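# Architecture at a glance
The lines below spell out each chain.
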Amino acid sequence: MQLLQVSRILRATAPADDTLKYHVYFSAYQRSVKVCLQPRPESSGVGRAWFDVLAEQMPRDWRVEVVAALGDPVTRTLSYLRLAAPAVEDDGNPPNGCRMCGIEQRDHCSRYKTGTGWHYWVDPGDALRKARMLARRGRATATA
Ligand SMILES: [Zn+2]
């Protein structure tokens, strides 16, 4: 998802209020979009409303945040956040384990697995490797 697509979604979901002041912070690399807005007192719910449609339209692996600053000068901020879900789920195997069966490359050779049959080690790919590493780190800190 690139800037053009994100700005299209933002334009399509933005509240129909020309006077609403807002800034958008966007990072394709970090998969995150953050909107800071300053609604007028009578439309303080606009931040929550925008967050709801934005969170629905942005992909699940993107972080979505809306911060509404209330008052002028600001006396209160309301913030709504949806954390990014991992694009690929951890399958409990070691990071460099075969995509098909989870066995490490060095121990793999050719193996038989019910359902997939005989196969050589298959590269798990960066996304799955990362999901496995994060899950393993989470397990390590949980037991530490
Ligand atoms: Zn395998």
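Definitions and limits used
- Residues numbered from 1 in each chain as written.
- Predicted model: local features only at pLDDT ≥ 70, side-chain atom pairs only at ≥ 80, totals over all residues.
- Helix = DSSP H or I, 4+ residues; strand = E, 2+ residues; numbered from the N terminus.
- Rg over C-alpha atoms; globule rule 2.2 N^0.38 Å.
- Buried ≥ 20, exposed ≤ 12 C-beta atoms within 10 Å, placed from the backbone.
- Pairing = 2+ DSSP bridges.
- Axes fitted to C-alpha atoms, helices over the stretch in contact; angles between N-to-C directions.
- Contact = placed C-beta atoms within 7 Å.
- Right-handed = clockwise from strand over helix to strand, strands pointing away.
- Expected span 1.5 Å × (residues − 1).
- Arc of directions from axis to C-beta.
- Domains from an automatic or database assignment.
- Core = buried A, V, L, I, M, F, W, Y, C linked by C-beta atoms within 7 Å.

## Side note on the overall build of the protein
From N to C terminus, the protein includes 4 helices and 6 strands. When its helices and strands are written in sequence order, the protein yields α-β-β-α-β-β-α-β-β-α. Its C-alpha atoms give the protein a radius of gyration of 22 Å, clearly above 15 Å, the size a compact globule of 144 residues would have. For the protein, the proportion of its 144 residues judged to be buried stands at 15%.

## As for the sheet that holds strand 1 (residues 21–27)
The strands making up a sheet are joined through hydrogen bonds of the backbone, oriented either antiparallel or parallel. If you trace the 4 strands from one edge of the open sheet to the other, you get 1-2-3-4, paired in mixed fashion. Every interior strand has two partners, whereas the edge strands, strand 1 and strand 4 (76–82), have only one. Taken pair by pair, the neighbouring strands of this sheet meet at an average axis angle of 10°, ignoring direction. In terms of strand pairing, strand 2 (residues 32–38) meets strand 3 (residues 63–70) through 6 bridges, oriented parallel. Bridge pairing links K34 to E65 in strand 3. Along the sheet, helix 2 (residues 46–57) contacts strand 2, strand 3 and strand 4; its crossing angle with strand 3, the most-contacted strand, is approximately 170°.

## Here we look at the pairing of strand 2
A regular strand carries its side chains on alternate faces of the sheet. Side-chain alternation along strand 2 places V33, V35 and L37 on a buried face and S32, K34, C36 and Q38 on a face that remains uncovered. Relative to strand 2, strand 1 runs antiparallel, the two sharing 7 bridges. Residue F26 lies in a different strand from strand 2, and its bridge partner there is V33. The antiparallel pairing of strand 1 with strand 2 creates a hairpin that spans 4 residues between the two strands, and R31 there sits at a positive phi of about 50°. Crossover strand 2 to strand 3 through helix 2 is right-handed.

## Re helix 2
Between the first and last C-alpha of helix 2 there are 17 Å, a value that for 12 residues agrees with the 16 Å anticipated at 1.5 Å per step. Along helix 2, the residues classified as buried are V46, G47, W50, F51 and L54. The buried residues of helix 2 occupy one face: seen down the axis, they fall within an arc of 130°. In helix 2, the exposed positions that point more than 90 degrees away from the buried face belong to R48 and E56.

## Quick word on the environment of Q2
Structurally, Q2 is set in the segment before helix 1 (3–13). Sequence separation between Q2 and Y80 is 78 residues; the distance between their C-alpha atoms is 23 Å.

## What to know about the domain arrangement of the protein
You'll often see interface size given as the accessible area lost when the parts meet. For the protein, the domain assignment lists domain 1 (3–82) and domain 2 (88–144). A C-alpha centroid distance of 38 Å is found between domain 1 and domain 2.

## Concerning the pairing of strand 3
The pairing of strand 3 with strand 4 spans 7 bridges and is classified as antiparallel. Counterpart to V64 in the pairing with strand 4 is R82. Connecting strand 3 to the antiparallel partner strand 4 that follows it, the hairpin turn spans 5 residues, and G71 within it adopts a positive phi of roughly 90°.

## Overview of the nonpolar core
Ranked by internal contacts, the top residues of the largest apolar core, which has 13 residues, are V35, W50, L54, M58, V64 and V66. Mapped onto this core, the elements with two or more residues apiece are strand 2, helix 2 and strand 3. Sorting elements by how many residues they give to this core places helix 2 first, with 4 residues. Discounting residues that sit within four places of it in the chain, M58 has contacts with I9, V33 and V64.

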